[in-house]
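Observations on the three-dimensional arrangement
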Amino acid sequence: QVQLVESGGGLVQPGGSLRLSCAVSGFTLDYYTIGWFRQAPGREREGVSCISSSADSLMYEDSVKGRFIISRDNAKNTVFLQMNSLKHEATARYYCAAADPSSCAGPHIRRHKYYTWGQGTQVTVSS
């Protein structure tokens with residue numbers, strides 16, 4: 001069975017950093033786009049970042065550009081999201097999800113293209 005498991009969340013002070021990991025099993029990671037999404041209480045789930053199967057296409061939501069970095073290590077079946085200069089508004093539950101190889105394209109991170117999801121990891125930014 002295909003599974004994605006997020007880890008690395010926690011409590012961090014404003015301006016601090018966290019690195020989230022998405023460990024994938026049950027399918028060949030090389031062939032899939034992986035996206036990161038987040039959902040805060042009372043808010044809809046929104047796309048944060050995505051990375052294509054070959055890592056030749058990367059996208060970031062405008063509010064995190066320049067501060068978040070997505071990467072992947074296909075040999076280790078893991079995708080990472082390095083989050084720097086964290087702000088209070090980054091507080092949310094973060095999810096990773098899988099989509100078809102070329103899904104990380106276009107003006108928006110398209111949630112409907114992602115068909116397999118992890119359970120999420122909580123990130124709380126607080127002083």
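Details of the structure are given in the entry above.
Treat the numbers as computed from the prediction; the structure is a model and nothing was measured.

Calculation notes
- Think of each chain on its own: its residues are numbered from 1, step by step along the sequence as written.
- Given that this is a predicted model, residues contribute local features only at a pLDDT of at least 70 and side-chain atom pairs are listed and counted only at 80 or more, while totals for whole chains, interfaces and linings are drawn from all residues.
- Side-chain measures here rest on the full set of heavy atoms in the structure, leaving out hydrogens and waters.
- To qualify as a helix, a DSSP run of H or I must reach at least 4 residues; to qualify as a strand, a run of E must reach at least 2; elements of each kind are numbered from the N terminus.
- Note on method: radius of gyration uses C-alpha positions; expected globular size equals 2.2 Å times residues raised to 0.38.
- Residue burial is assigned from relative accessible area. The probe radius is 1.4 Å, only protein chains are included, and a residue is buried under 20% of its type maximum, exposed over 50%, and partly exposed in between.
- Contacts were defined at the residue level, with two residues in contact if any of their heavy atoms lie within 4.5 Å.
- Cysteine sulfur atoms that pair up within 2.5 Å are treated as a disulfide.
- A side-chain nitrogen of Lys or Arg and a carboxyl oxygen of Asp or Glu constitute a salt bridge if their distance falls within 4 Å.
- Think of a 1 Å grid over the protein atoms and nothing else: a 1.4 Å probe that fits but is trapped marks a cavity, an open set flanked by protein within 12 Å on at least five of seven lines marks a pocket, and residues with an atom within 4 Å of a point count as lining.
- Grid points are joined across faces, edges and corners, and a volume is the space filled by probe spheres set on the points.
- Only Asp, Glu, Lys and Arg are considered charged in this grouping, and only Ala, Val, Leu, Ile, Met, Phe, Trp, Tyr, Cys and Pro are considered nonpolar; every other residue, Gly among them, is considered polar.
- None of His or the chain ends enter the tally, which takes Lys and Arg as positive and Asp and Glu as negative.
- Here a polar contact is recorded for every N or O atom pair within 3.5 Å, except that within protein the pair must consist of a potential hydrogen donor and a potential acceptor, and residues adjacent in sequence are included only if both atoms are side-chain atoms.

Of the regular secondary structure elements, the protein holds zero helices and eleven strands. The N-to-C order of helical and strand elements in the protein reads β-β-β-β-β-β-β-β-β-β-β. Here the C-alpha atoms of the protein give a radius of gyration of 13 Å, agreeing with the 14 Å that 2.2 N^0.38 yields for 127 residues. Reported as C-alpha extents along the three principal axes, the dimensions of the protein are approximately 40 × 30 × 25 Å. Going through the 127 residues of the protein one by one, you find that 44% of them count as buried. Summarising the internal contacts of the protein: among those between residues at least 6 apart in sequence, 61% fall at separations of at least 24.

This brings us to the state of the cysteines. Tallied over the entire structure, the rule returns two disulfides. Note that Cys-22 is cross-linked by a disulfide to Cys-96, the S-S spacing being 2.1 Å. On the sign convention where negative means left-handed, the S-S torsion of about 75 degrees between Cys-22 and Cys-96 marks this disulfide as right-handed. With Cys-22 in strand 3 (residues 18-25) and Cys-96 in strand 9 (residues 92-99), this pair connects stretches of sequence that are 74 residues apart. Like Cys-96, Cys-22 is buried. Note that Cys-50 is cross-linked by a disulfide to Cys-104, the S-S spacing being 2.1 Å. Judged by the sign of its S-S torsion, about 80 degrees, the cystine formed by Cys-50 and Cys-104 is right-handed. Here Cys-50 is found in strand 5 (residues 46-51), whereas its partner Cys-104 is found in the loop between strand 9 and strand 10 (116-117), with 54 residues between them in sequence. Grouping residues by exposure puts Cys-50 and Cys-104 together as buried. When the cysteines of the protein that form disulfides are numbered from the N-terminus onward, they connect as 1-3, 2-4.

The subject of this paragraph is the pattern of salt bridges. Summed over the entire model, instances satisfying the criterion amount to two salt bridges. The residue Arg-38 makes a salt bridge to Glu-46 at a minimum N-O spacing of 2.8 Å. A relative accessible area of 7% means that Arg-38 is categorised as buried. Of the charged contacts in the structure, one is a salt bridge between Lys-65 and Asp-62, with a shortest N-O distance of 2.9 Å. Accessibility expressed as a relative area gives 49% for Lys-65, which makes it partly exposed. Judged by its relative accessible area of 59%, Asp-62 is exposed.

This part takes up the layout of surface pockets. There is about 190 Å³ of room inside the largest pocket. Along its surface, the largest pocket is lined by 15 residues, and Arg-38, Arg-43, Glu-46, Glu-89 and Ala-90 are the ones closest to its centre. A class-by-class count of the residues in the lining of the largest pocket yields five nonpolar, three polar and seven charged.

With respect to the helices and strands, Arg-45 occurs in the loop between strand 4 (33-39) and strand 5. There is no salt bridge for the buried Arg-45, and the closest opposite charge comes from Glu-6, which lies 7.5 Å off by N-O distance. At 3.3 Å, the side chain of Arg-45 forms a polar contact with the side chain of Gln-39. With sequence-adjacent residues up to four places away left out, Arg-45 is seen in contact with Phe-37, Arg-38, Gln-39, Tyr-95, Arg-111 and Trp-117.

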